[in-house]
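# Descriptive structure summary
Now for the letters of each chain:
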Amino acid sequence: MPSTSTMPAGAAPSGAVRGWVHSVETGGTVDGPGIRFVLFLSGCPLRCQYCHNPDTQHLHDGKPVYSTEIVQEIGTYADFLTRAKGGVTLSGGEPLVQPEFTAAILRGCKELGLHTALDTSGFLGSHADDHLLDDVDLVLLDIKAFKELTHRNLTTVPLRPTLAFAERLSALRKPIWLRYVLVPGLTDDLKEIEGLAEFAAGLEVVERVDVLPFHKMGETKWQALGRPYRLTDTQPPSAELTGRVRDTFRAAGLTAP
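For clarity, every value in this text was computed on a predicted model and none was experimentally measured. (Residues numbered from 1 in each chain as written. Predicted model: local features only at pLDDT ≥ 70, side-chain atom pairs only at ≥ 80, totals over all residues. Heavy atoms only, no water.)

Core analysis: the largest hydrophobic core is formed by 65 residues, its most contacted members being Leu178 and Phe249. Looking at this core, the element that brings in the most residues is helix α7 (residues 190-203), giving 6 residues. Other than its neighbours up to four places away in sequence, Phe249 contacts Leu178, Tyr180, Ile193, Leu196, Ala197, Val209, Val211, Leu254 and Ala256. (Core = buried A, V, L, I, M, F, W, Y, C linked by side-chain atoms within 4.5 Å. Buried < 20%, exposed > 50% of the residue type's maximum accessible area, 1.4 Å probe, protein only. Helix = DSSP H or I, 4+ residues; strand = E, 2+ residues; numbered from the N terminus. Contact = heavy atoms within 4.5 Å.)

With that settled, the discussion passes to the sheet that holds strand β2 (residues 36-41). As summarised here, the arrangement of the 8 strands in space is β3-β1-β2-β4-β5-β6-β7-β8, forming an open sheet in which the pairing is mixed. Every interior strand has two partners, whereas the edge strands, β3 (63-66) and β8 (206-213), have only one. Direction aside, neighbouring strands of the sheet carry axes that sit 30° apart on average. The pairing of strand β1 (residues 18-28) with β3 spans 4 bridges and is classified as antiparallel. When the sheet's bridge partners are listed, Arg18 is paired in β3 with Tyr66. (Pairing = 2+ DSSP bridges. Axes fitted to C-alpha atoms, helices over the stretch in contact; angles between N-to-C directions.)

This paragraph deals with helix α9 (residues 239-251). Across its 13 residues, α9 extends 18 Å between first and last C-alpha, which sits within 8% of the 18 Å expected from 1.5 Å per residue. Buried within α9 are the following residues: Leu241, Thr242, Val245, Thr248 and Phe249. The buried residues of α9 occupy an angular sector of 115° when projected down its axis, which confines them to one face. Exposed side chains of α9 directed beyond 90 degrees from the buried face belong to Ala239, Glu240 and Ala251. Contacts made by the buried residues of α9 are with β7 (176-182), α7 and β8. Just downstream of α9 lies Gly253, where phi reads positive at about 90°. (Expected span 1.5 Å × (residues − 1). Arc of directions from axis to C-beta.)

Any functional reading would require information beyond the geometric quantities listed.
Right under this line is the structure:
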């Protein structure tokens, strides 16, 4: 957490929005281009079976803080982030659980001249108005599955809001890095993946697709929370399967490093 993670006493600073932050990473290298300040906000409506941050699912899992404090903290890294061709990524949890807080931080980052990325499932895309998206340079969009039944089984929420958000981003010509977690027995249906690849290619704003092999790094957090982890017996996908999935996206004309 930044040093400004405790709510001060008294009235809110001018222009400040109160929100809940779980943690920060000041040298992120996998959440957008360059080296990034990654802010993990609390709260998420999804209940993904493979969630590796279940301790961010509830709003009050985080600590209360004002947006102005967060932007001030980010400002201390601004020169470094610019030299490193990086920026700021808002992640979670799900940042769009707190749209006003997210928008205030994004606006502050743009005033600092920083590149911004929004890491989201897209399920709450309707919470992001055009003013918020104006301050987003890149969307890291997690599409968990491409069939309604698969998506609901995996996340407990419907798929269509995510696809609608992707289509809106396409209409706005907003760059997307698509993320797809490959889970054997859950999200490894190649026909379903072919459908997603075709959809993503049709958006014409997907700059790359990151196929992320399933891992169980979050299992200990589930245990610590006293919650059952349904994927204990699921193994990571083989290199061969991962390669086939990447090739499926490439065959649709997409970049899948």
